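Okay, here's what each chain looks like letter by letter:
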Amino acid sequence: MVYETIAFALFALITVGCSLGVVLARDVWHSALLLGGALLSVAVHYVMMQAEFLAAMQILVYVGGVLILITFAVMLTHTDSEVSST
């Protein structure tokens, strides 16, 4: 029982830390990676509650789908910040 409490607290801290990182990060790519960490730690919470199907859907739909869309959006809209001013 003590190990479950420690694991819950650890993944709760990871979830809160990654969520704050998503909001406070200046780079969109870093925000997307932190969002993936937050969503994966929520999936771990589902596994701890013995809801494996919800954990699998969390990983497939949110981590797999949403983060791939964000990644494509970042890659397709990336512009060069170094423009020559001559």
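Residues numbered from 1 in each chain as written. Predicted model: local features only at pLDDT ≥ 70, side-chain atom pairs only at ≥ 80, totals over all residues. Heavy atoms only, no water.

A. View of helix α2 (residues 28-48). With 21 residues, α2 should reach 30 Å at 1.5 Å per residue; the first-to-last C-alpha distance of 30 Å fits that figure. Within α2, burial applies to S31, A32, G36, A38, L39, S41, A43 and H45. Where α2 is buried, its residues touch α1 (2-24) and α3 (52-77). Just downstream of α2, Q50 is the residue with a positive phi angle, here 60°. (Helix = DSSP H or I, 4+ residues; strand = E, 2+ residues; numbered from the N terminus. Expected span 1.5 Å × (residues − 1). Buried < 20%, exposed > 50% of the residue type's maximum accessible area, 1.4 Å probe, protein only. Contact = heavy atoms within 4.5 Å.)

B. Local environment of the side chain of Q58. Turning to its location among the elements, Q58 is positioned in helix α3. A relative accessible area of 7% means that Q58 is categorised as buried. Dropping the residues within four chain positions of it, Q58 is found in contact with L39, V42, A43, Y46 and V63.

C. Fine view of the UniProt feature "transmembrane region" (unreviewed entry) in the chain. In the numbering adopted here, UniProt assigns the feature "transmembrane region" (unreviewed entry) to residues 6-25, 32-49 and 55-76. Each end of residues 32-49 is marked by a C-alpha atom, and these two atoms are 26 Å apart; helix forms 94% of the span and strand 0%. Here residues 55-76 is 100% helix and 0% strand, with 30 Å between the C-alpha atoms at its ends. (UniProt positions renumbered as here; feature names shortened; annotations may be inferred.)

D. Fine view of the side chain of T15. The topology assignment puts T15 in helix α1. For T15, the contacting residues outside a window of four places in its chain are A38, S41, V42 and H45.

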